[in-house]
Each structure stands twice: as C-alpha cells, then as structure tokens.
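A closer look at the structure
Each chain, letter by letter, is given below.
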Amino acid sequence: MQRSLEEITHMLFHALTEETLGARLDGARSQTEVYEVLKTLDYFDLSLEEFAAGIRAMQEETGDA
C-alpha cells in the first residue's frame, strides 16, 4: 500500500458522504458494490486493497468491526 491509512480513510470519508451518490450507496448490497459506486467519482482512485483496508480502519475506529 502506497498511501497512508490516514489518507485512505480521509478519501473514503469524503466519498462515502458524497450527496450525489446517496441513493446508489443505499442500494449497494456489498462492499464490492460500494467500491464500484465510489469509483465513479473523479477523485476516488483507491485500489480495492486500499478501500478494504480503509473500511476496516473506519470500522475499528467506530467499534463496528
């Protein structure tokens, strides 16, 4: 992984709170579907591995792991 976990979670936070994707994200049934929706954003360029690591870090931070 080239980016720091902080950079990854920062990008994920912004992408997951993107108002324009709300309905599409609500309809996603898996992390893979969420990843595919986020990939439609111009600035979202995380690899699937970075995305998964960021999701795990965010879950651990919130106690949802």
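Use the structure listed above.
Residues numbered from 1 in each chain as written. Predicted model: local features only at pLDDT ≥ 70, side-chain atom pairs only at ≥ 80, totals over all residues. Heavy atoms only, no water.

1. Concerning the overall build of the protein
Summing up its helical and strand segments, the protein has four helices and zero strands in all. Relative to the globule expectation of 11 Å for 65 residues, the C-alpha radius of gyration of the protein, 11 Å, shows essentially globular dimensions. When its C-alpha atoms are laid out on the principal axes, the protein stretches across 30 × 25 × 20 Å. Looking at the 65 residues of the protein, the share that counts as buried comes to 31%. For the protein, the exposed area adds up to about 4500 Å²; of that, 48% sits on carbon and sulfur atoms. (Helix = DSSP H or I, 4+ residues; strand = E, 2+ residues; numbered from the N terminus. Rg over C-alpha atoms; globule rule 2.2 N^0.38 Å. Buried < 20%, exposed > 50% of the residue type's maximum accessible area, 1.4 Å probe, protein only. Areas by Shrake-Rupley, 256 points an atom, 1.4 Å probe, with all protein chains shown as cover.)

2. Focus: the nonpolar core
Ranked by internal contacts, the top residues of the largest apolar core, which has 15 residues, are Leu12, Leu38, Phe44 and Phe51. Every element with two or more residues in this core is listed here: helix H1 (5-16), helix H3 (31-38) and helix H4 (48-62). (Core = buried A, V, L, I, M, F, W, Y, C linked by side-chain atoms within 4.5 Å.)

3. Focus on H1
With 12 residues, H1 should cover 16 Å at 1.5 Å per step; its first-to-last C-alpha distance of 16 Å lies within 8% of that length. Those residues of H1 not exposed but buried are Ile8, Thr9, Met11, Leu12 and Ala15. Summarising the axial view, the buried residues of H1 lie within an arc of 160°, below the 170-degree limit, and thus occupy one face. Lining the buried residues of H1 we find helix H2 (22-27), H3 and H4. (Expected span 1.5 Å × (residues − 1). Arc of directions from axis to C-beta. Contact = heavy atoms within 4.5 Å.)

4. Structural notes on the environment of Leu46
Position of Leu46 relative to the elements: it lies in the loop between H3 and H4. Linking Leu46 and Leu12, residues 34 residues apart in sequence, is a C-alpha distance of 8.7 Å. Not counting residues within four places of it along the chain, the set of residues in contact with Leu46 comprises Arg3, Ile8, Met11, Leu12, Tyr35, Lys39 and Phe51.

5. Looking at the packing of aromatic side chains
On inspection of all chains with the given rule, the structure shows two aromatic pairs. Pairing Tyr35 with Phe44 gives two aromatic rings, centres 6.1 Å apart and planes at 70°, and the pair type is edge-to-face. Classification of Tyr35 as buried rests on a relative accessible area of 9%. Relative accessible area serves as the criterion here: at 3%, Phe44 is assigned to the buried category. (Phe/Tyr/Trp six-rings, centres within 6.5 Å; stacked < 30°, edge-to-face > 60°.)

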